[in-house]
Amino acid sequence: MAEGIKDKVAIIGMGCTKFGERWDAGYSDLIVEAFKECLEDAGIEKKDIQAAWLGTCFDEQFCGKSALPLSHTLKLPFIPATRVENFCATGSEALRGACYAVASGAYDIALALGVEKLKDCGYGGLPEFSRQVGTESRMLFPNATAPGAFAMMATRYFARYNLKPDEGKRILAKVSSKSHHNGAMNPKAHLRREITVEQVMSAPIIAWPLGLYDCCGVSDGSAAAIVTRADMAKKFRADPVYIKALQISVSSGIELMHSSYDGTHIETTTHAAIAAYKEAGVKNAREEVSMAEVHDCFSITELVTTEDLQFSPRGKAGDDVTAGRFNLDGAQPIQSDGGLKCFGHPIGASGLRMMYEVYKQLQGKAGPRQIKNVKLGVTHNLGGFPLMNIASVLIAGL
Amino acid sequence: MVGITSYGGYIPWYRMERMTAYKAMGWLNPAAILPGERSIANYDEDSVTMAVAAARDCLKGIDKKKKIDGLYIATTTSPYRQREGAGIIGTALSLQPSIRTADFTDSTKAGTGAILSAYDAIKAGSAKNILVCASDLRKELAGGYQEQLYGDSAAALLLGDTDVIASIEGSYSISYDFSDSWRADFDEFERAWEDRWRRDEGYEKQLTESIAGLLTKYKLNIKDFAKIVIACHFERAGVAIATKLGADPSRVQDSMMRTMGDSGAGYPLVLLVAALEEAKPGDKILVVSYGNGSDALFLQVTDQIEKVRDNKGIKKWLARKKMLDNYDKYLAFREEIPMDKGFRGEESSSTQISALWRGRKSFLGLWGSRCKKCGTPIYPIQRVCVNPDCGAIDEMEDYCFADRKGTLFTYTADLLAYSINPPAIYGVLDFEGGGRFWFDIADCAPESLKVGMPMEMTFRIKYVEHGRGVSTYSWKAAPVME
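None of the values given here were measured: they were computed from a predicted structure.

Every contact between the two is made by 45 residues of chain A and, on the other side, 44 residues of chain B. Interface of chain A and chain B: buried area, both sides summed, is about 4000 Å²; carbon and sulfur atoms make up 63% of it. Interface area lost by chain A to chain B is led by Arg138, Met139 and Met257 of chain A, which between them contribute 21%. The tally of links from chain A across to chain B stands at 17 residue pairs in polar contact (both at pLDDT 80 or more). Ranked by residue count, the leading element in the side of chain A that touches chain B is helix α5 (residues 146-160) of chain A, at 8 residues. Along the lines of polarity and charge, the residues of the side of chain A that touches chain B split into 24 nonpolar, 14 polar and 7 charged. Relative to strand β18 (residues 406-414) of chain B, strand β5 (residues 205-208) of chain A runs antiparallel, the two being bridged by 2 bridges. Bridged to Trp208 of chain A within β18 of chain B is Ala413 of chain B.

Structure (structure tokens):
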């Protein structure tokens with residue numbers, strides 16, 4: 001009988017760069033920046049690290065394939081290093097790899113580092129997908145972008161719940177406005193400006209019905225974690241953060257090719273959440289999860305994710321958004337660091353950036369953004385499009 | 001009896017008032033103006049995709065596997081100099097591979113040439129049924145007279161020896177090396193000699209000669225014809241040719257110069273389809289093409305004509321239209337102006353021709369699979385059933401989605417994605433009878449879309465890879481034509 005990962009692994013150090021349009025920094029600068037903070041926070045030396053995982057998505061655009069960009073940059077002394085990639089769940093995938101390695105007993109201390117240098121492609125938005133998604137995709141699929149693929153979920157959500165475009169957009173605007181409020185307080189965030197609901201509503205359309213402020217920042221950045229066996233964690237620090245669940249779910253093709261999918265939720269997130277809560281022993285996510293960092297690549301993604309993560313009943317997330325449940329001072333704050341929306345979204349780093357915020361909140365070190373009485377935090381990544389994706393749900397606690 | 005057994009037409013969605021072009025470029029050639037409007041193929045269309053649209057209209061309700069044993073396309077604007085257009089069309093139509101195919105080209109009378117060749121093959125017993133498509137999409141120099149004259153459209157005729165709706169009773173052909181308009185191998189645009197010379201020495205003399213030749217050969221009087229189809233883009237000259245031979249001008253088929261324009265090799269066939277739509281049993285029809293000579297054809301309508309009356313033909317396509325009021329956009333569609341595509345627009349991977357070949361049934365024919373265990377239809381072709389309650393492996397039969405309608409599950413209009421005609425509109429379709437996939441959406445305004453609205457499939461250019469000279473085709477969804 002599989003035992004799961006709960007309380008077998010602890011995070012003893014984390015680091016995260018400033019996210020943003022880092023014209024000053026290449027991928028190796030970003031790696032060093034995150035690693036230095038992480039190492040210092042853990043209070044260990046580089047030679048203590050026994051294995052490493054690198055997460056990066058658009059290798060074609062910047063650092064190249066394999067784990068070499070990590071080992072060369074950090075001059076890792078011939079230790080095993082692995083590069084992982086699973087679209088936007090890449091950073092969480094790197095952490096998963098390091099945690100499982102430690103939980104297996106193969107290593108005592110492992111590094112997970114995610115990095116992405118997106119702002120070297122010469123245009124706005126994510127780098128063009130057509131070269132990255134396989135041989136036949138270009139012949140089969142529309143020449144879609146991420147905003148368009150997620151906009152289709154908004155169209156569907158509005159239709160399913162009889163929301164007029166303005167009503168639906170207003171709910172989504174509240175989601176974005178809340179994250180901007182939090183991001184403005186975060187010195188490491190990419191976008192640090194409060195915006196009103198009206199500003200979000202009247203922003204230029206990117207992919208109907210989503211406008212500019214329904215979309216997250218496209219950023220450069222890196223984040224890292226050092227993990228160890230739970231029974232060793234207290235040797236390194238008094239307040240280690242324990243892994244309660246590491247779940248990932250990958251589309252089966254149903255969402256794209258089978259009419260049973262309703263298009264107003266994410267099937268993988270739903271599955272990963274059920275598995276993660278089971279692994280962590282969470283019975284009622286709405287009551288027990290103190291805070292969450294979810295994959296708000298677009299406002300609609302955050303809205304449906306709160307339903308997929310069982311924070312809100314299906315079709316009711318809008319009510320909770322309007323009631324302020326997910327605000328920093330609400331009952332269940334989401335995106336206390338600004339989220340992808342404002343902290344930014346360097347793909348390979350995002351999962352680890354989310355864990356960085358949960359880690360700091362659990363330790364009570366989140367400064368003006370500190371949430372009261374944090375016991376259990378969820379991070380959620382969604383890689384790909386609603387029709388075909390990878391979702392991760394990770395849970396950490398004290 | 002050998003003749004036409006079905007017909008189909010196609011006119012693109014966009015039309016442009018000729019005055020729109022004139023307002024933009026009239027300063028260059030103040031005399032280059034004609035009344036009315038012309039048809040404009042969308043950016044994702046070419047002579048092959050338009051021929052497919054007309055062929056699908058023509059083959060509605062016809063068992064393609066049993067019936068079609070030949071496919072000809074006539075066009076002067078094949079997207080390839082070496083890659084058979086008929087081969088692409090045959091794959092898109094899912095015709096069986098054991099058929100005779102040929103491209104007829106290099107003259108605007110290639111369409112009637114293809115009809116005559118098909119007729120001869122059937123008459124000789126070499127084939128039972130041959131599908132003849134004719135289509136042209138000509139690029140014209142900005143501000144020139146041809147830009148005013150020409151339009152884009154296609155027609156398709158099925159020829160056979162049973163259930164004939166209009167028998168081919170005779171023909172008379174003439175051929176001259178009369179080079180009044182031409183494109184050299186290296187030419188992108190057509191050149192033409194003075195239009196008065198084209199009209200008087202070309203159209204008038206040669207069409208008169210072919211018609212008179214036909215009348216003499218079959219001992220007919222032009223008054224015997226209920227409909228006279230003359231592919232002449234000089235509106236008045238076309239009528240005058242017939243009336244000088246004694247015809248009642250009311251019998252001369254509308255040249256469609258006010259509504260569509262001269263579509264080259266497709267032109268006489270498009271006008272013929274328009275005539276057949278109105279024809280009555282017993283009508284004699286005269287069809288005359290033009291281009292380095294002329295073919296005159298003599299057709300006789302039978303009482304089977306009523307059987308194909310629900311095809312879209314020309315009338316229904318003509319009624320479905322969107323005015324293009326932006327001349328620059330037309331130039332962009334034809335890639336006649338250097339356009340800032342942005343780096344995103346320039347990014348592209350190269351097409352793997354071998355992968356395209358392997359996947360041709362799915363990509364070009366819109367074939368998927370249907371699970372023999374649970375009956376679930378799936379696009380594209382799969383080996384493992386997607387039904388979560390089934391999951392059978394290698395229990396599939398081929399299943400074609402091309403002629404299935406569907407409903408729009410969801411959609412967006414994407415301004416970030418590169419498109420020649422932004423926003424890029426795409427959405428998810430649920431097919432009647434099952435099956436779901438994600439497609440581009442063609443020929444619509446985004447604000448006209450609604451979740452749940454009926455859609456149908458249309459064969460289009462997916463992208464053109466200029467670096468390697470590859471045109472890739474795929475199926476897009478479009479609102480069901482009213």
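Glancing now at a nonpolar patch on the surface. On the surface, Trp182, Trp193 and Trp197 of chain B cluster together to form a nonpolar patch covering roughly 330 Å² of accessible area. Tracing the backbone shows Trp193 of chain B in the loop between β10 (191-192) and α7 (195-217).

Below, the discussion takes up the domain arrangement of chain B. All names here are of chain B. Domains assigned within chain B are domain 1 (3-333) and domain 2 (344-353 + 405-479). Relative placement of domain 1 and domain 2: their C-alpha centres are 28 Å apart. Seen at the junction of domain 1 and domain 2, the total is 5 salt bridges. The salt bridge partner of Lys476 is Asp44, with a shortest N-O separation of 2.9 Å. Scanning the region where domain 1 abuts domain 2 turns up 12 residue pairs in polar contact (both at pLDDT 80 or more). At the level of secondary structure, the elements contributing two or more residues to the side of domain 1 that touches domain 2 comprise α2 (47-58), α4 (85-92) and α11 (327-333). Partitioning the side of domain 1 that touches domain 2 into residue classes produces 12 nonpolar, 2 polar and 8 charged.

Residue and element names in this part refer to chain B. Under the defined criterion, the tally for this structure stands at 30 aromatic pairs over all chains. Arranged with centres 3.6 Å apart and planes meeting at 20°, the rings of Tyr203 and Tyr290 form a pair that is stacked. Of the two residues, Tyr203 is situated in helix α7 and Tyr290 in the loop between β12 (284-288) and β13 (293-301); the sequence distance between them amounts to 87 residues. Consider the rings of Tyr379 and Phe437, whose centres lie 5.0 Å apart with planes at 75°: the pair is edge-to-face.

As a further point, take the confidence of the model for chain B. A residue-level look at chain B finds 100% of positions with pLDDT of 70 or above and a mean pLDDT of 96. For this predicted complex, the interface score ipTM comes out at 0.95, alongside a pTM of 0.96.

A few words now on helix α3 (residues 90-103) of chain A. Residue and element names in this part refer to chain A. With 14 residues, α3 ought to run about 20 Å at 1.5 Å a step, and its terminal C-alpha atoms sit 20 Å apart, in line with that. Burial analysis of α3 places 12 of its 14 residues in the buried class, the great majority of the element. All of the buried residues in α3 are Thr90, Gly91, Ser92, Glu93, Ala94, Leu95, Arg96, Gly97, Ala98, Cys99, Ala101 and Val102.

By the element assignment, Phe58 of chain A lies in the loop between β2 (51-55) and α2 (68-74). Spatially, the C-alpha atom of Phe58 of chain A lies 8.1 Å from that of Ile347 of chain A, the residues being 289 residues apart in sequence.

Residue and element names in this part refer to chain A. Spatial ordering of the open sheet is given by β3-β2-β4-β7-β1-β8-β11-β10-β9, a layout of 9 strands whose pairing is mixed. In the strand order of this sheet, the two ends are held by β3 (81-84) and β9 (291-293), each with one partner. Strand-to-strand twist across the sheet, computed as the mean angle between neighbouring axes with direction ignored, equals 25°. As paired strands, strand β4 (residues 109-116) and strand β7 (residues 221-229) are joined by 8 bridges and run antiparallel to one another. Note on β7: the bridge partner recorded for Leu113 is Ala224. Lying over the sheet, α3 contacts β1 (9-16), β2, β3, β4, β7, β8 (241-250), β10 (376-385) and β11 (388-397), oriented at roughly 170° with respect to β4.

Next up on the list: the environment of Leu141 of chain B. Residue and element names in this part refer to chain B. Position of Leu141 among the secondary structure elements: in the loop between β6 (130-136) and α6 (145-149). Using a relative accessible area of 46% as the deciding quantity, one classes Leu141 as partly exposed. On a C-alpha basis, the gap between Leu141 and Ser78 in space is 18 Å, while along the polypeptide they are 63 residues apart. Every residue in contact with Leu141, bar those within four places of it in the chain, is listed here: Glu147, Phe189 and Glu336.

On to the pairing of strand β4 (residues 70-74) of chain B. All names here are of chain B. The buried fraction of β4 is high, at 5 of 5 residues. Of the two faces of β4, the one holding Gly70, Tyr72 and Ala74 and the one holding Leu71 and Ile73 are both buried throughout. Judged from the 5 bridges that link them, β4 and strand β5 (residues 100-104) form a sheet pairing that is parallel. Its bridge partner lying in β5, Tyr72 is registered against Ala102. Inspection of the sheet shows β4 paired to β6 by 5 bridges, in the parallel sense. Bridge pairing in β6 places Tyr72 opposite Val132.

The next subject is the pairing of β13 of chain B. All names here are of chain B. With 8 of 9 residues buried, β13 lies mostly within the body of the structure. Of the strand pairs in this sheet, strand β8 (residues 166-175) and β13 are connected by 9 bridges, and their pairing is antiparallel. Across the sheet, residue Ile174 finds its bridge partner in β13, namely Ser294. When β12 meets β13, the two strands line up antiparallel, connected through 5 bridges. Looking at the pairing, Val288 lines up with Ala296 of β13.

Before going further, it helps to examine the nonpolar core. One finds Tyr277 and Ile300 of chain A together with Leu131, Leu157, Leu159, Leu276 and Trp438 of chain B to be the most contacted residues of the largest nonpolar core, which totals 192 residues. Here this core spans two domains, and each of domain 1 (3-333) and domain 2 (344-353 + 405-479) of chain B adds at least three residues to it. Once you skip the residues sitting within four places of it in the chain, Leu157 of chain B turns out to touch Ile4, Ser6, Tyr7, Cys58, Ile115, Ile130, Leu131, Val132, Leu269, Leu272, Val273 and Leu276 of chain B. Within the second largest apolar cluster, 37 residues are counted, among which are Ile11, Ala110, Ile243 and Tyr359 of chain A.

A few words on the sheet that holds strand β2 (residues 14-17) of chain B. All names here are of chain B. Taken in spatial order, the 3 strands of this open sheet run β3-β2-β14, and their pairing is mixed. In this open sheet, the two strands that pair with only one neighbour each are β3 (37-40) and β14 (322-323). With 4 bridges joining them, β2 and β3 adopt antiparallel strand pairing. When the sheet's bridge partners are listed, Met16 is paired in β3 with Arg38.

It is worth spelling out the pattern of salt bridges at this point. Opposite charge on two side chains permits pairing when their charged atoms draw close. The full count for this structure, using the stated rule, is 54 salt bridges over all chains. Two residues, Lys365 of chain A and Asp239 of chain A, come together in a salt bridge whose shortest N-O distance is 3.6 Å. Of the two residues, Lys365 of chain A sits in the loop between α15 (347-363) and β10 while Asp239 of chain A sits in the loop between α8 (233-236) and β8, which places them 126 residues apart along the sequence. On the basis of relative accessibility, which here comes to 42%, the residue Lys365 of chain A falls in the partly exposed class. We note a salt bridge from Arg138 of chain B to Asp262 of chain B, for which the minimum N-O separation is 3.3 Å.

Procedures and definitions
- Residues numbered from 1 in each chain as written.
- Chains lettered and ligands numbered in written order.
- Predicted model: local features only at pLDDT ≥ 70, side-chain atom pairs only at ≥ 80, totals over all residues.
- Heavy atoms only, no water.
- Contact = heavy atoms within 4.5 Å.
- Buried area = accessible area lost by both parts, 1.4 Å probe.
- Polar contact = N/O pair within 3.5 Å; in protein donor to acceptor, adjacent residues only side chain to side chain.
- Helix = DSSP H or I, 4+ residues; strand = E, 2+ residues; numbered from the N terminus.
- Nonpolar A, V, L, I, M, F, W, Y, C, P; charged D, E, K, R; others polar.
- Pairing = 2+ DSSP bridges.
- Patch = residues over 30% accessible without salt bridge, like charges linked within 9 Å, V, L, I, M, F, W, Y side chains within 5 Å.
- Areas by Shrake-Rupley, 256 points an atom, 1.4 Å probe, with all protein chains shown as cover.
- Salt bridge = Lys/Arg side-chain N within 4 Å of Asp/Glu carboxyl O.
- Domains from an automatic or database assignment.
- Phe/Tyr/Trp six-rings, centres within 6.5 Å; stacked < 30°, edge-to-face > 60°.
- pLDDT = per-residue confidence, 0-100.
- Expected span 1.5 Å × (residues − 1).
- Buried < 20%, exposed > 50% of the residue type's maximum accessible area, 1.4 Å probe, protein only.
- Axes fitted to C-alpha atoms, helices over the stretch in contact; angles between N-to-C directions.
- Core = buried A, V, L, I, M, F, W, Y, C linked by side-chain atoms within 4.5 Å.

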